[in-house]
Amino acid sequence: MSIVTVQLGQCGNQIGHEVFSALCSDIRGTHGLCSKKENESYCDSCRERFFCQEESGVPVARAVLVDMEPKVISQTLSTAARSGHWKYSSHSHFCQKQGSGNNWANGYSVHGPRHKEAIMNLVQKEAEKCDRLGGFFTIMSMAGGTGSGLGAFVTQCLRDAFPTSFIANHVIWPYGTGEVIVQNYNSVLTLSHLYQSSDALLVHENDVIHKICAQLMNIKQISFRDVNHVIAHQLGSVFQPTHTAGEGYSRNPLGDLMETLVPHPEFKLLGLRNIPQMAENCLPYSTFSWPGLTKHLRQMLIANAKMEEGIDWQVRPPQPGSSIPSTNKPLHFNTSIANLVILRGKDVHSVDLGSFQDPSLYTSWLNPQDAFSAWRTPRAFNKYEKSASLVSNSQFLLKPLDSIVGKAWNMFASKAYLHQYTKFGIQEEEFLDCFTTLEQVISSYTNL
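Residues numbered from 1 in each chain as written. Predicted model: local features only at pLDDT ≥ 70, side-chain atom pairs only at ≥ 80, totals over all residues. Heavy atoms only, no water.

### Looking at the sheet that holds strand β3 (residues 59-61)
Item 1. Pairing is mixed in the open sheet, where 3 strands are placed in the order β2-β3-β5. The open sheet terminates on both sides in strands that have one partner only, identified here as β2 (51-53) and β5 (87-88).
Item 2. Relative to β5, β3 runs parallel, the two sharing 2 bridges. Bridging from a neighbouring strand, A61 pairs with Y88 of β5. (Pairing = 2+ DSSP bridges. Helix = DSSP H or I, 4+ residues; strand = E, 2+ residues; numbered from the N terminus.)

Shown next as structure tokens:
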């Protein structure tokens, strides 16, 4: 089944480009470390998922590019075409000349309704090119105006136009120190609207990825390209084909992801961790064992560590049978609803993942057998002989979410910058509704 990617705003378009580049370099690489037959079926499955073939033989990304300024889209289109390995369709992008000025309301209330027909026509055409449509994957940031405001609007339109398709939103969480003065407003409005129309929100935090670039990749001066490169690698490690059950490669990656990780509509926030991650020039000198990787990944999960360096090994799950009320759980322990571990590379079928089925990791209302899933493939990913990813529906975002809602509420209470939103028709009541939605999400995750 095929996935149509919708890239929204500057951030969405730049990350989208890196994602397709990572997928393409992975299937072109000769580092599969598996049988020829396995490699061929893996590559075919990836192409069906993310690309369509043209007569010229160059794979064309199944994507729609949307931005309110032309610069980033024209750069993205030409960079992809110049690579010679893949390209975007010349008819699947939409841009204007005026931008959204980092204002969510401008993207949502002005640009959205004005350009709805043109954007949705492009999406419809892309969807019709798929033999079997598996769903939509949107990529957007929360801090700006186009990605967040227009992104939330387009997601609602997708839900109306394709009521039975899966929709996953990939959301970039802004730097805590701030990129835009109204980023907390924009984030609260984006998250609460996406919560109504999306099936799952896959979140990457800029601060975390920045740390990975600095500490694991040893990059001295970190650019957005470096950050996007890490994000693309992590997304590829989840969405490239794997065996979910039985012999063949999974048919519907988005459907499988939702079925595995989103058992209840109140809990839609998914976090992603991937190990090992290191500078490419260090790879030839490194060896990894599966027990070591899975042990690190499990501790990252329970201690809510975002990368394999600096994990707090003191955090332990609560003892089974202890009748501690959920409020007294061990400090910093990260309770999960559902987890998915994806293993790629040598000897994956002999790896023991029993430690992830420990009932004390999960909320009490789900059976641990249902709450944990594993996908595997002997095909290595992007030059890593062995790699493991964890997609987790857990309390990992509670702190950042609480912080963003708190900061936005403080600004709202003193009516700071509200006139920027009301002039585009977003009234105070709408803000209050959004705060209520997110307070409910915070409360649900807190009580796990």
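After that view, the rundown keeps rolling.
### As for the nonpolar core
Item 1. The biggest cluster of nonpolar side chains holds 143 residues, and the ones touching the most others in it are F239 and L269.
Item 2. Broken down by element, this core gets its largest block of residues, 8 residues, from helix α4 (residues 104-128).
Item 3. Once you skip the residues sitting within four places of it in the chain, F239 turns out to touch I3, R49, F50, F137, L202, L254 and L257. (Core = buried A, V, L, I, M, F, W, Y, C linked by side-chain atoms within 4.5 Å. Buried < 20%, exposed > 50% of the residue type's maximum accessible area, 1.4 Å probe, protein only. Contact = heavy atoms within 4.5 Å.)

### Brief notes about the sheet that holds strand β13 (residues 386-394)
Item 1. Pairing in this open sheet of 10 strands is mixed, and the strands run β6-β4-β1-β7-β8-β9-β10-β13-β11-β12 from one edge to the other. The open sheet terminates on both sides in strands that have one partner only, identified here as β6 (93-95) and β12 (372-377). With direction set aside, neighbouring strand axes in the sheet form an average angle of 20°.
Item 2. Those strands touched by helix α2 (residues 36-50) are β1 (2-8), β11 (336-345) and β12, and its axis lies near 50° from that of β1.
Item 3. Along the sheet face, helix α10 (residues 290-302) touches β10 (269-275), β11 and β13 and points at about 20° away from the line of β13. (Axes fitted to C-alpha atoms, helices over the stretch in contact; angles between N-to-C directions.)

### Some points on the domain arrangement of the chain
Item 1. Split into domains, the chain comes out as domain 1 (2-270), domain 2 (280-319 + 330-397) and domain 3 (399-447).
Item 2. Its C-alpha centre places domain 1 at a distance of 24 Å from the equivalent point of domain 2.
Item 3. Tallying the contact residues gives 43 residues for domain 1 and 32 residues for domain 2.
Item 4. At the junction of domain 1 with domain 2, the criterion picks out 2 salt bridges.
Item 5. Between R379 and D26 there is a salt bridge, with the nearest N and O atoms lying 3.2 Å from each other.
Item 6. Joining domain 1 to domain 2, the criterion identifies 11 residue pairs in polar contact (both at pLDDT 80 or more).
Item 7. At the level of elements, α1 (9-28), α2, β9 (200-205), α7 (206-216), α8 (224-239), α9 (253-261) and β10 are the ones that each hand at least two residues to the side of domain 1 that touches domain 2.
Item 8. Class assignment of the residues belonging to the side of domain 1 that touches domain 2 gives a composition of 23 nonpolar, 15 polar and 5 charged. (Domains from an automatic or database assignment. Salt bridge = Lys/Arg side-chain N within 4 Å of Asp/Glu carboxyl O. Polar contact = N/O pair within 3.5 Å; in protein donor to acceptor, adjacent residues only side chain to side chain. Nonpolar A, V, L, I, M, F, W, Y, C, P; charged D, E, K, R; others polar.)

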